[in-house]
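# Chains, contacts and geometry: an overview
Below, each chain spelled out in residue letters.
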Amino acid sequence: MNRTTSRLARRASRWLATALTVVVSAVVIAPAPATAAYDGWHAKWSFSDGHRWTFSINIGSATVAGSGYDDENIRYLSGTVTDASPQSHLCARVDFKEPAGVHGRYTACGGSVYFSHLDDSPSDYTFTLSIVATNSSTVDQSAHITVPGTATRPDLRASGVGAGWQFVDDDFYRFHIIRPHAVVLGRAMQVSNGPRWFEVNTYTSGCARTDLYEPSYDSAAPPWLHLRQDQVCEGVAEFGSYDFFRPVKVRSCLAATLMHPKGYLYTTWTHQCVSLETP
């Protein structure tokens with residue numbers, strides 16, 4: 001990890017701490033009911049240095065946690081999936097896959113199961129944790145997180161780089177994307193099964209763009225529909241959105257000046273993107 005990446009990672013960590021203080025102080029959260037369905041749910045990944053990373057998902061009675069090692073040639077990962085449901089007919093299942101297909105599936109019923117995997121041509125990995133019935137393939141609840149591949153993205157292999165979401169109570173959750181040159185912090189609230197309200201803040205030392213998407217349920221349309229975007233250079237940008245009943249995808253991209261194949265320079269705002277899908 002070079003000095004520039006290390007310095008930007010430390011700066012991102014300071015931005016996160018400062019911005020979270022602002023976000024927390026700006027809203028008063030009522031105490032969560034003891035039976036909150038999503039209280040404590042989370043999904044996240046983060047790098048601790050130039051090679052090692054961790055990930056975890058919690059959806060109540062099912063959890064998965066693990067760690068990994070990346071370099072330009074391989075991705076090695078290991079973890080444990082745990083079922084803590086008091087109901088004997090429910091189990092916890094984790095699936096992990098690349099865009100090319102499924103690489104692993106492990107199920108724990110009334111305990112924990114260890115897994116490991118080595119990939120010599122890695123790309124993005126999506127981990128999906130589900131609560132399933134023992135006598136069928138029916139999924140009761142699930143959540144997922146995607147850890148981007150770093151074989152061609154060494155900029156992501158830096159301490160503090162990561163992304164995730166976490167429910168504070170049944171109606172309110174926070175999410176973040178931390179990467180070199182940019183930090184995205186957001187929060188969402190939904191009360192009484194009504195529409196959600198989102199607030200998204202982008203902090204950058206260069207030029208960055210943040211996009212918000214919602215899923216499309218039209219088979220003839222793209223899988224994600226673009227809702228809105230905001231871009232900023234060396235500063236802070238904030239936008240809010242309302243009337244969402246669905247999950248959303250947040251994408252953080254950098255601006256870059258590149259050489260076109262025809263020989264001229266052009267600027268793109270979709271360089272080195274990192275995405276996070278929230279529940």
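The present account deals with the structure reproduced in this document. Quick caveat, the model's predicted, so the values are computed rather than measured.

## Considering the overall build of the chain
Along the backbone of the chain there are one helix and 16 strands. Per-residue burial over the chain gives 46% buried out of 279 residues. As presented, the chain carries roughly 13600 Å² of accessible surface, and 51% of it is formed by carbon and sulfur atoms.

## Observations concerning the environment of Cys253
Tracing the chain through its elements places Cys253 in strand S15 (residues 249-259). Classification of Cys253 by relative accessible area gives buried; the value is 0%. Through-space distance from the C-alpha of Cys253 to that of Cys273 is 4.2 Å; in sequence the pair is 20 residues apart.

## Some points on the state of the cysteines
All chains considered together, the criterion is met by three disulfides. There is a disulfide in this structure between Cys91 and Cys109, and the S-S distance comes to 1.9 Å. On the sign convention where negative is left-handed, the bridge of Cys91 and Cys109, at about 105° about the S-S bond, is right-handed. With a gap of 18 residues between them, Cys91 in strand S5 (residues 90-98) and Cys109 in the loop between strand S6 (101-108) and strand S7 (112-119) connect regions that are remote in the sequence. Judged by relative accessible area, which is 3%, Cys91 ranks as buried. Residue pairing for Cys253: its cysteine sulfur links by disulfide to Cys273, the two sulfurs lying 2.0 Å apart. Between Cys253 and Cys273, the S-S dihedral sits near 110°, and the bridge is therefore right-handed. Separated by 20 residues along the polypeptide, Cys253 in strand S15 and Cys273 in strand S16 (residues 265-277) bring together distant segments of the chain. Residue Cys273 is classed as partly exposed on the basis of its relative accessible area of 23%. Numbered by position along the chain, the disulfide-linked cysteines of the chain connect as 1-2, 3-4, 5-6.

## Thoughts on a nonpolar patch on the surface
Side chains of Tyr76, Tyr114 and Leu118 sit close together on the surface and give an oily, nonpolar patch of about 340 Å² of accessible area. When you line up the elements, Leu118 lands in strand S7. For Leu118, a relative accessible area of 55% gives the class exposed.

## Comments concerning the packing of aromatic side chains
Enumeration over the complete set of coordinates arrives at 16 aromatic pairs. Measuring from centroid to centroid gives 6.2 Å for Phe96 and Tyr106, while their planes differ by 10°, and the two rings are stacked. Of this pair, Phe96 sits in strand S5 while Tyr106 sits in strand S6; the two residues are ten residues apart in sequence, bridging distant segments of the chain. In textbook terms, an aromatic cluster arises when at least three aromatic residues are bridged by ring pairs, as seen for Tyr38, Trp41, Trp165, Phe167, Tyr173, Phe175 and Phe198. The lysine or arginine in question, Lys249, covers the ring of Tyr213, its NZ or CZ lying 5.2 Å from the ring centre.

Thresholds applied
- Residues numbered from 1 in each chain as written.
- Predicted model: local features only at pLDDT ≥ 70, side-chain atom pairs only at ≥ 80, totals over all residues.
- Heavy atoms only, no water.
- Helix = DSSP H or I, 4+ residues; strand = E, 2+ residues; numbered from the N terminus.
- Buried < 20%, exposed > 50% of the residue type's maximum accessible area, 1.4 Å probe, protein only.
- Areas by Shrake-Rupley, 256 points an atom, 1.4 Å probe, with all protein chains shown as cover.
- Disulfide = S-S within 2.5 Å.
- Patch = residues over 30% accessible without salt bridge, like charges linked within 9 Å, V, L, I, M, F, W, Y side chains within 5 Å.
- Salt bridge = Lys/Arg side-chain N within 4 Å of Asp/Glu carboxyl O.
- Phe/Tyr/Trp six-rings, centres within 6.5 Å; stacked < 30°, edge-to-face > 60°.
- Lys NZ or Arg CZ within 6 Å of the ring centre and 35° of its normal.

These results come straight from atomic positions and should not be treated as a statement about function.
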